[in-house]
Amino acid sequence: EVEIVVKQKPPPFLNGKSSSLREISPVRVIKNPEGSLNRSAMNGSDLLKERKELKKGLRPEINNKVSEWKDSIKNDSYGKPTTKNLQEQRESLPVFSMKKMLLETIKNNKFVVIVGETGSGKTTQITQYLAQEGFNKGNMIIGCTQPRRVAAVSVAKRVSEEVGCRLGQEVGYTIRFEDNTSDVTKIKYMTDGMLQREAMMDKMLSKYSVIMLDEAHERTIATDVLFVLLKTAAMKRDDLKIIVTSATLDSGKFSSYFENCPIVQIPGRTFPVEIFYTKEPELDYLQATLECVLSIHKNESRGDILVFLTGQEEIDTCCEVLYEKLIDLHQENELIILPIYSSLPSEMQSKIFEPTPVGKRKVIIATNIAETSITIDGIYYVIDPGFVKVNAYDPKLGMDSLMVTPISQAQAKQRAGRAGRTGPGKCFRLYTETGYNKEMLPNSIPEIQRQNLSHTILMLKAMGIQDLIGFEFMDPPPLKTMLSALEELYNLEALTEDGDLTELGHRMADFPMDPGLAKVLIKSIEFGCSEEMLSIVSMLSVQSIFYRPTGELRKKADEKRVRFNHPHGDHMTMLNVYEKWVRNGSSKEWCKDNFIHYRSLLRVRDVRIQLKKIMNKYGSEMRSCGQNSNLIRINLCCGFFKNTAKKDSETSCYKTLLENTTVYLHPSSSLFGKSSSEYVIYHTLLLTTKEYMHCVSVIEPTWLVEQAPRFFAKADTEQVNKRKRTVKIQPLYNRFDQQQSWRLSKR
Ligand code: CDP
Ligand code: MG
């Protein structure tokens, strides 16, 4: 009988201050289940749930058509490149008329804020103007950050076409695990996360003469941190210009932060957009979306439709169901359905920019990437169900979780605006006007106030920034979020009892990823399983490995998938997939046979190479442990001990060890339906209809005590027995009193 307790107590350097997990956090506000919007988000869509059932009854000829269509949107190009030449197009953008004035203002000021509607040419044009004007003097670079990977790549591609160079030459991009720049690169697009990393190596950012912090209104953590770092660097360097661009009017705040710098407004060229609300709250927004698309297609004059959904699964399902409905209506050739989300291969993404053939209508089904990051011309209709998937730190769960929440009013306005770029448009909001007025926040909460900051704080510590509380954030994160990040780093042994970085902590900061993953990789050297852990961590960094086709093939795909399953869980299963692929010559054929996305595995391979390079920096020997699953899972415990849960004997769902929250195995897990897994460790928690654990493996509780001695201890049996007698409902632990820790028992 093994009994362990959570003994976590605040690290000594916090002097008794501790983040109370019980406090109200922004996440609680978002999650407030009262309103109709929240209820709808929590319920999820029956469409998704029923999908599996529905599939079985479908007619094979329809399934085949759907499969053909899915292949075709991946391969064929339906249109020709635009006829208007690039130069004419560039000169017709609103920003073009402002060129002289813009350059003048930038010349005379260290900081400039530029505000302009999405699609006015900020991202693609301003960097080119600066290069033409010689702002990249002495081999320096003009940098431009983007909050999203997809946007950085697609914009760099577009600008390289406009400049007339090969991508990666004069115009290039850098995103995590992928650097497409060269010695001759003058204009560099990158994710804000990558620039933050560069700032860690070189605080003065001496390679750059101008840095444009684009899409600043998105307020990602990296952009918020860069505000501080770039301001500091520019104050010390006379030859560095900082441009902050935003699509919203909230620019006064940016200007006052950057020494009351000038604000340049790019005149918009927008048309009125008529807004429609539903009379009653929609209980199933996916269903409502489909009906709305079909009704626009039937009743409205020509013009493309843009739909905002929350994620890949929803989008794929919606596309499929829509196509099936069109087949039934014999209209499948009239509507061109195009999905867009960030894990989509880039050729598929570029399709949305192709002009719609005459006599047809495009329906673009997108995540909120289409809200401001990318501009699609020709949209007359917007369908806005009112939701977005956000990554939020939930102090109750003690971790990040992805969840579907209502958007803010600002986002709703931005979405509606997408319909008025080419002509007067219409926006169909699938929520009530009361929902808009009463349940939506006026503005979204900046990421820094709702996410786990452990990675960010580790990087700042590695830069030698000691006074984190006094760090000049535009909107400081809640103190408790900072404290809980410090605690997390302490428990991971990245910080000493005095709050300084340990050697392990320094090394962890080298990895552009979650500190837990970084620790697992570094420790794998001692465990002698680095080759395996590199593969597993790389697999975890890439989305959607498996491909689930529609119709008859689905069963076959699922059967193939089961063959990779490892009895110890998903981490080993992923290792299996990667190793089998490599053993089969890393071939495309093999992927096709096994219903695996070839591209995803190519990316896994790239990520692996990059991570291996970082690990090689220390000259340690990388060893293989073969398929020693125990070693690998013990290794995982040293970074993810917080992400652990125990099966509840009565309900057979799981309860997290940390907070006793009920969580569930995701049906895609290789452990789903298996009974052997009493204690599990998981990679992420995804909050949709239920709190689902993703990527789950079986562990032994004693491993936790060994690998996280600051966090877990073997229980004092006498204590536990006494508590067992007196307490029916497990009390929540009180971290100020070690003795009161709640218990875990294994029968
Ligand atoms: O940054 P902002 O939203 O102000 O505009 P932009 O991204 O510079 O885009 C200006 C124009 O370039 C858009 O209206 C598109 O017509 C075009 N563009 C494109 O065709 N393909 C891309 N990948 C990016 C932009
Ligand atoms: Mg832009």
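Cut-off values and rules
- Residues numbered from 1 in each chain as written.
- Chains lettered and ligands numbered in written order.
- Predicted model: local features only at pLDDT ≥ 70, side-chain atom pairs only at ≥ 80, totals over all residues.
- Near = placed C-beta within 6 Å.
- Helix = DSSP H or I, 4+ residues; strand = E, 2+ residues; numbered from the N terminus.
- Nonpolar A, V, L, I, M, F, W, Y, C, P; charged D, E, K, R; others polar.
- Axes fitted to C-alpha atoms, helices over the stretch in contact; angles between N-to-C directions.
- Parallel < 35°, antiparallel > 145°, perpendicular 65-115°, else oblique.
- Left-handed = near helix turned anticlockwise from the far one by under 90°.
- Contact = placed C-beta atoms within 7 Å.
- Core = buried A, V, L, I, M, F, W, Y, C linked by C-beta atoms within 7 Å.
- Buried ≥ 20, exposed ≤ 12 C-beta atoms within 10 Å, placed from the backbone.
- Pairing = 2+ DSSP bridges.

Draft legend 1. Structural detail: the site of ligand 1. As a matter of local geometry, ligand 1 sits amid 16 residues, with Gly 119, Lys 122, Thr 123, Thr 124 and Arg 158 nearest to it. The leading source of residues in the shell around ligand 1 is helix H7 (residues 122–132), at 4 residues. Looking at the shell around ligand 1 residue by residue, the classes come out as 3 nonpolar, 10 polar and 3 charged.

Draft legend 2. Representation of the packing of helix H21 (residues 515–527) against helix H27 (residues 629–640) in the model. At a minimum axis separation of 8 Å, H21 and H27 run at an interaxial angle of 140°. Taken together, H21 and H27 sit at an angle that is classed as oblique. Crossing handedness for the pair H21 and H27: right-handed. Where H21 abuts H27, its residues Gly 516, Leu 517, Lys 519, Val 520, Lys 523, Ser 524 and Phe 527 lie against Leu 631, Ile 634, Asn 635, Leu 636, Cys 638, Gly 639 and Phe 640.

Draft legend 3. Region of interest: the nonpolar core. Counting 108 residues, the largest nonpolar core has Val 307, Ile 364, Ile 365 and Ala 366 as the members making the most contacts within it. Sorting elements by how many residues they give to this core places helix H10 (residues 221–236) first, with 9 residues. When sequence neighbours within four positions are dropped, the list of residues in contact with Val 307 reads Thr 289, Val 293, Val 363, Ile 364, Ile 365, Ala 366 and Ile 383. Ranked by size, the runner-up nonpolar core spans 80 residues in total, among them Val 6, Leu 521, Met 615 and Ala 708.

Draft legend 4. Just the sheet that holds strand E11 (residues 304–308), in detail. Here we have 6 strands laid out as an open sheet, ordered E10-E17-E14-E11-E13-E12, and parallel in their pairing. The two strands at the open ends of the sheet, each matched to only one other strand, are strand E10 (273–277) and strand E12 (335–340). Ignoring which end each strand starts from, the neighbouring axes of this sheet average 15° apart. As judged from the 4 bridges shared by E11 and strand E13 (residues 361–366), these two strands associate in the parallel manner. Counterpart to Ile 305 in the pairing with E13 is Val 363. The strands that helix H13 (residues 312–328) touches are E12 and E13; relative to E12, the one it contacts most, it runs at about 170°.

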